[in-house]
Amino acid sequence: MLERPRLAHDEDELIVQVQALLADPAHQGNPLREPLAHLLGCNQVHQAQLRRLIRISDGYQYISRRQQESLEHQYDRQLHRLEKLARISDRYQNSLRELSETLKQASLHDPLTGLGNRRFLMERLTQETERANRKESPYTLGILDVDRFKTINDRFGHEAGDTALCAIAQAIASALREYDVCGRWGGEEFLILMPETPLDFARQIAQRVSQSIKAIHLEFLDIGISASVGLSVYRLGERFSDTLNRADAALLQAKTHGRDRIEG
């Protein structure tokens, strides 16, 4: 009687047992031998197909992982590029703001004296006129003209005249109060805006400005420097151009009466 084989613990061991039974001459005439051999062959084919599917699946998973890594890398690279562009954009916008502010300042200041120019003064006059009407507190305007400035240019040259204008601008600014406004109105004329200031007090300020200009000493000049001033108080509700016209008329009167005078 043939010994009964023990049961296999796994598929591989079972296949080995089947292969051994099929190879054993003692089972050559067994009617189950041929179906068992066919079954074993089918199993081997299925195993080969399964291994192929596993390889394909592993390949797809590998490709998927590589694609995922590639996408993450692309995302990180694109994010880094966007961050870099954002930094460049911020710097560019800051530069534009700085340039815009520089251009604005340049457009509002006289390049020679550094004081506000006519455009700057017109803006301040508009603002101060609105404030004066709102608070019912008039301001006083002064138009200052350097006496005999043409003589300085003719005798000592335009470079000397420019130096004198810069010194005069500094003298005017130093004699005014902190909240007063001054600027170059044009040529050798300067405009002084004194907020909430009555005429009598404005005369005192103009006198201080006049004394400050007379104190200027320039080595290349053998003549003194003086200025004439015309004053005018803003009348509530009027256009500031009317106030300017009265100040200009007062300046003309100061010139007519001998210069180095304050009228208004």
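Residues numbered from 1 in each chain as written. Predicted model: local features only at pLDDT ≥ 70, side-chain atom pairs only at ≥ 80, totals over all residues. Heavy atoms only, no water.

Trainee: Can you help me understand unusual backbone geometry in this one?
Mentor: Glycine aside, a negative phi is what most residues show, and trans is what most peptide bonds show. For Glu136, which is not glycine, the phi dihedral falls at a positive 55°. Of note, Glu136 is situated in the loop between helix H3 (118–135) and strand E1 (140–146). One non-glycine residue, Arg148, adopts positive backbone phi at about 50°. Along the chain, Arg148 turns up in the loop between E1 and helix H4 (149–156). (Helix = DSSP H or I, 4+ residues; strand = E, 2+ residues; numbered from the N terminus.)

Trainee: Please explain the pattern of salt bridges as it appears in this structure.
Mentor: Two side chains carrying opposite charge are able to pair once their charged atoms lie near each other. Counted by the stated rule, this structure contains 15 salt bridges. Put simply, Arg177 and Asp180 hold a salt bridge, and the shortest N to O gap is 2.8 Å. Between Arg261 and Glu263 there is a salt bridge whose closest N-O contact spans 2.8 Å. A relative accessible area of 34% places Arg261 in the partly exposed class. Look at Glu263 and you get buried, because its relative accessible area is 12%. Beyond isolated ion pairs, a larger network of salt bridges with shared partners links Glu128, Arg131, Lys135 and Glu196. (Salt bridge = Lys/Arg side-chain N within 4 Å of Asp/Glu carboxyl O. Buried < 20%, exposed > 50% of the residue type's maximum accessible area, 1.4 Å probe, protein only.)

Trainee: Honestly, the packing of aromatic side chains in this entry has me stumped. Any pointers?
Mentor: Two aromatic rings are characterised by how far apart their centres lie and by the angle between their planes. Overall, the coordinates contain two aromatic pairs when judged by the stated rule. Directly above the ring of Trp185 sits Arg118, whose terminal nitrogen or CZ lies 3.8 Å from the centroid. (Phe/Tyr/Trp six-rings, centres within 6.5 Å; stacked < 30°, edge-to-face > 60°. Lys NZ or Arg CZ within 6 Å of the ring centre and 35° of its normal.)

Trainee: Looking at this structure, I do not really get the pairing of strand E4 (residues 227–233). What am I missing?
Mentor: Each regular strand carries side chains that alternate between the two faces of the sheet. Extensive coverage of E4 is indicated by the burial of six of its seven residues. Here E1 runs beside E4; their pairing, made up of seven bridges, is antiparallel. Within E4, the position partnered with Gly142 by the bridge is Leu231. By the bridge criterion, two bridges tie E4 to strand E5 (residues 262–263) in an arrangement that is parallel. Bridging from a neighbouring strand, Gly230 pairs with Glu263 of E5. Assessed by its sense of winding, the connection that carries the chain from E4 through helix H7 (residues 240–256) to E5 is left-handed. (Pairing = 2+ DSSP bridges. Right-handed = clockwise from strand over helix to strand, strands pointing away.)

Taken by themselves, the reported measurements are silent on function.
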